[in-house]
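Next come the chains, spelled out residue by residue.
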Amino acid sequence: MADKYEQVLELAKRRGFLWNSFELYGGTAGFFDYGPLGAMLKRRVENIWRDIFVINEGYYEIESPTIGVEDIFIASGHVGGFSDPLTECQKCHEPFRADHLVKDIVDNPDTMSADQLTEVIEKHNIKCPECGGKLGTAYEFNLMFKTAIGPGGKRAGYLRPETAQGMFVDFPRLVKFYRDHLPFGATQIGKAYRNEISPRQGVIRLREFTQAEAEIFIDPRDKTHPKFKDVADMVMNLYSQEGQVSGEIKKMTLGEAVKNGIIAHEFLAYCLARTYQFLVRVGVLPDKMRFRQHMKDEMAHYAADCWDAEILSDRFGWVEVVGIADRTDFDLKAHAKQSQKELSIYVSYDTPRKVEKFVIKPDMGVLGPKFKGKAGKIANALKALSSDQLSGEVIQLTIDGEQIEINKDCVKFETVTEEIHGENIIPHVIEPSFGIDRITYSLLEHSYFEEDSKEKVDDGEEEQEEKRIVLRLPPEVAPVQAAVLPLLSRDELIIPGKEIVEKLRKAGILVSFDDSGTIGRRYRRNDEIGTPYSITIDYQTLDDGTVTIRDRDTMKQIRTKVSDIAGNIYDMIYRGKSLDFISPYSPLGIV
RNA sequence: GCACCGAUGGUCUAGUGGCUAUGACUUUAGCCUUCCAAGCUAAUAACUCGGGUUCAAAUCCCGAUCGGUGCACCA
């Protein structure tokens, strides 16, 4: 029994959406090509993402290299944490974590190299816990693809396992670009790479995949969102930590969810809303979508809250397609530590704070000439003293082992009240991270419909049902936006058809032309790839300059003037107008 | 990575240790055709790869690759 995945993938393969990569050479698991229609579809999905996050939210897109230097991934934890030392039983071939096997024997197995672990295993004669067989040499399996930068292989480079680090690394530049104001965000759409041990599930788990990520830097003291009120009434399927215990998905508004503490704060909830809008706009069915909160033990230790957008797929069940996390200041702190640079931003207080401060002012006019080269050190030593120590007639100091006496006249001190206007803080990061490939696949699956066509052919003995395959893609993401079809394959219809093609192309519409076979067949061919509108040229076109536009989903047709079609098609694709809102052409001016 | 199952034109599939390896759909060219795939004529196109057994292998055996399923893995 063919399931939907099989049906969708068969269509995707046949019509040029998705192909297994390197098929010519036998293929390799974990890699997919986007064919002509798939690449266009994916690009349109990405552009809608840009429209929402870059244009509307104002989080500019950057582009950083797909190869990163080692320091980045030491800081991010991918070099250490993204790999595990494995050892395999030689007899039953079961793999085990080498460090786990020796943890009762040595103190810090997780800091040991694979060679050291092998040594320990051999010395203590550790056997396979499953079958008692001999264990093989331990090796590190890191999920990052490693390469060498430059000749000699001295400098390690890694293909990035996520795009996020690019935004973190550029943080100081971004702060300047956004002129020292929080919140701000930067986004990136690009490839990431993970050398999965055994990728399965087709396009769901890839070794090379496209991420669209936003890193939004916010003030940790204020996690509200100015536009939250616009989305507070949106109803979502929320599968919270509690809900997962009781197995209950709750429909509720985002306003309620924040108020009841189910979602940690407004900013995160706002990101959920935008994610929902994005997914629906590209063609994911709202009923087959939910937001699942990470359980406490599932969440990274530093994360304040984390929600995944999940999409229901026929074969794979609920598939994570987006992760939305409050990563706090973890990433910036990690890079600050690794790079030895301060990664913070100055923020002003609403009202300046008054702080009492004890100020010591050594009189350099006296100290300088008297102590010459030592004057600087003496001044610093004086500044470190407390008011008690400064209160005597003579102050005793030890500088470089030498006793020095300073007259109290040489140093002034006082308590002053200072106004502090702000401070350097490390922003928190809200990170919505989208798996574009999974989303693209999901919307294909959600758009895929097989319909029984109304006519059944009675073939004498057996009755055959004719089915129509339709991809009900939102017009905005459909790769081919309109098809121009002469009713009959005759020059007098083909020539005006080709003129219409040119006209639509000039209007920026991706259009195909097809004059082969019967008209019905051509409609079906276009239904199958999701072309939303078909324009048919018939003999009336020659008389009065009108054509019909056929709607993919309803199969309804409407007649309109050739001079109007570019505008009409554009409005229907990009402005959400439906066929019903196009005024039909009538020679008498009567509708 | 382990175990089990599978792999035949673009798609779905028939088949057998032995002549030019089925069929349907698709596609292409042409005919026909005034609106929803099924008319006519023709054409293109396949046994996953490597090794072995054999006079002969797409078929049997072994291995690899890819795909599916279960286990492990999925920061």
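Because the structure is a prediction, the values reported are computed rather than measured.

S.K.: Explain the sheet that holds strand β28 (residues 557-561) to me, and be specific about the residues and the numbers.
M.R.: Taking strand neighbours across the sheet as the criterion, the five strands line up as β25-β24-β26-β27-β28 in an open arrangement whose pairing is mixed. Single-partner strands in this sheet number two, and they are β25 (511-513) and β28. Shown here is a sheet whose adjacent strand axes are inclined to one another by a mean of 25°, direction ignored. With three bridges connecting them, strand β24 (residues 482-486) and β25 associate as parallel partners.

S.K.: I'd like to hear about the packing of aromatic side chains, residue by residue, with values.
M.R.: To describe a pair of aromatic rings, you give the distance between the ring centres and the angle between the ring planes. Evaluation of the coordinates by the stated rule reveals 18 aromatic pairs. Both rings, one in Phe22 and one in Phe31, keep their centres 5.7 Å apart while their planes meet at 55°; by these two values the pair is tilted. Phe22 gets classed as partly exposed once you look at its relative accessible area, which sits at 47%. For Phe31, a relative accessible area of 17% gives the class buried. Here the aromatic residues Tyr60, Phe168, Phe171, Phe177, Tyr178, Phe184 and Phe217 are joined through ring pairs into a cluster of three or more. Note that Arg353 overlies the ring of Tyr349, its terminal NZ or CZ placed 3.7 Å from the centroid.

S.K.: Describe the side chain of Gln293, with residues and values.
M.R.: Assignment of secondary structure puts Gln293 in strand β14 (residues 289-293). Note on Gln293: relative accessible area 6%, which makes it buried. Separated by 2.9 Å, the side chains of Gln293 and Asp305 make a polar contact.

S.K.: Just give me the short version of helix α19 (residues 519-528), but keep the residues and values in it.
M.R.: For α19, the set of buried residues is Ile519, Arg522, Tyr523, Asn526, Asp527 and Glu528. Once α19 ends, the next one or two residues include Gly530, with phi positive near 85°.

S.K.: Break down the sheet that holds strand β8 (residues 146-149) for me, with residues and values.
M.R.: What the three strands build is an open sheet, ordered β4-β9-β8; its pairing is antiparallel. Looking along the sheet, the strands with just one partner apiece sit at the ends: β4 (67-69) and β8. Adjacent strand axes in the sheet meet at a mean angle of 45°, parallel and antiparallel pairs treated alike.

S.K.: If you had to explain helix α2 (residues 36-56) to someone new, which residues and values would you point to?
M.R.: Between the first and last C-alpha of α2 there are 29 Å, a value that for 21 residues agrees with the 30 Å anticipated at 1.5 Å per step. Of all the bends in α2, the largest measures some 30° and sits at Arg50. Residues Leu37, Gly38, Leu41, Lys42, Arg44, Val45, Glu46, Ile48, Trp49, Ile52, Phe53 and Val54 constitute the buried set of α2. Where α2 terminates, the next one or two residues include Gly58, which has phi positive at roughly 80°.

S.K.: Explain the pattern of salt bridges to me, using residue names and the numbers behind them.
M.R.: Under the definition given, this model contains 37 salt bridges. The partner of Lys227 in a salt bridge is Glu57, with the nearest N and O atoms 3.7 Å apart. Linking Lys227 in the loop between β11 (208-218) and α9 (228-231) with Glu57 in the loop between α2 and β3 (60-61), this pair joins segments that are 170 residues apart in sequence. Through salt bridges with shared partners, a single network forms among Glu451, Arg468, Arg472, Asp527, Arg550, Arg552 and Asp553.

S.K.: Just give me the short version of the packing of α2 against helix α17 (residues 436-447), but keep the residues and values in it.
M.R.: With their axes 10 Å apart at the nearest point, α2 and α17 run at an angle of 110° to one another. Judged by the angle between their axes, α2 and α17 are roughly perpendicular. Here the hand of the crossing between α2 and α17 comes out right-handed. In contact with Leu41, Lys42, Val45 and Glu46 of α2, α17 contributes Ile436, Asp437, Ile439, Thr440, Leu443 and Leu444.

S.K.: Explain the confidence of the model for chain A to me, using residue names and the numbers behind them.
M.R.: Overall, the predicted model of chain A reaches an average pLDDT of 84, with 86% of residues at or above 70. Across residues 455-464 the pLDDT falls below 50, and counting only partners more than four positions away or on other chains, this stretch makes eight contacts in the model.

S.K.: Quick one: what's the story with unusual backbone geometry, residue by residue and with numbers?
M.R.: Look at the link from Leu182 to Pro183: it is a cis peptide, with omega at -10°. Secondary-structure assignment places Pro183 in the loop between α8 (171-177) and β10 (184-193). For Met555, which is not a glycine, the phi torsion comes out positive at approximately 60°. You can call Met555 partly exposed: its relative accessible area is 35%.

S.K.: An account of the nonpolar core is requested, with residue identities and associated values reported.
M.R.: Membership of the largest hydrophobic core comes to 74 residues, with the highest contact counts inside it found for Leu254, Ile263, Phe278 and Ile439. Considering each element in turn, this core owes the most residues, ten residues, to helix α12 (residues 266-282). Those residues in contact with Ile263 that lie beyond four places of it in its chain are Leu238, Leu254, Ala257, Val258, Leu268, Ala269, Leu272, Asp305 and Trp307.

Cut-off values and rules
Residues numbered from 1 in each chain as written. Chains lettered and ligands numbered in written order. Predicted model: local features only at pLDDT ≥ 70, side-chain atom pairs only at ≥ 80, totals over all residues. Heavy atoms only, no water. Pairing = 2+ DSSP bridges. Helix = DSSP H or I, 4+ residues; strand = E, 2+ residues; numbered from the N terminus. Axes fitted to C-alpha atoms, helices over the stretch in contact; angles between N-to-C directions. Phe/Tyr/Trp six-rings, centres within 6.5 Å; stacked < 30°, edge-to-face > 60°. Buried < 20%, exposed > 50% of the residue type's maximum accessible area, 1.4 Å probe, protein only. Lys NZ or Arg CZ within 6 Å of the ring centre and 35° of its normal. Polar contact = N/O pair within 3.5 Å; in protein donor to acceptor, adjacent residues only side chain to side chain. Expected span 1.5 Å × (residues − 1). Bend = angle between axes of the 7 residues up to and from the residue. Salt bridge = Lys/Arg side-chain N within 4 Å of Asp/Glu carboxyl O. Parallel < 35°, antiparallel > 145°, perpendicular 65-115°, else oblique. Left-handed = near helix turned anticlockwise from the far one by under 90°. Contact = heavy atoms within 4.5 Å. pLDDT = per-residue confidence, 0-100. Core = buried A, V, L, I, M, F, W, Y, C linked by side-chain atoms within 4.5 Å.

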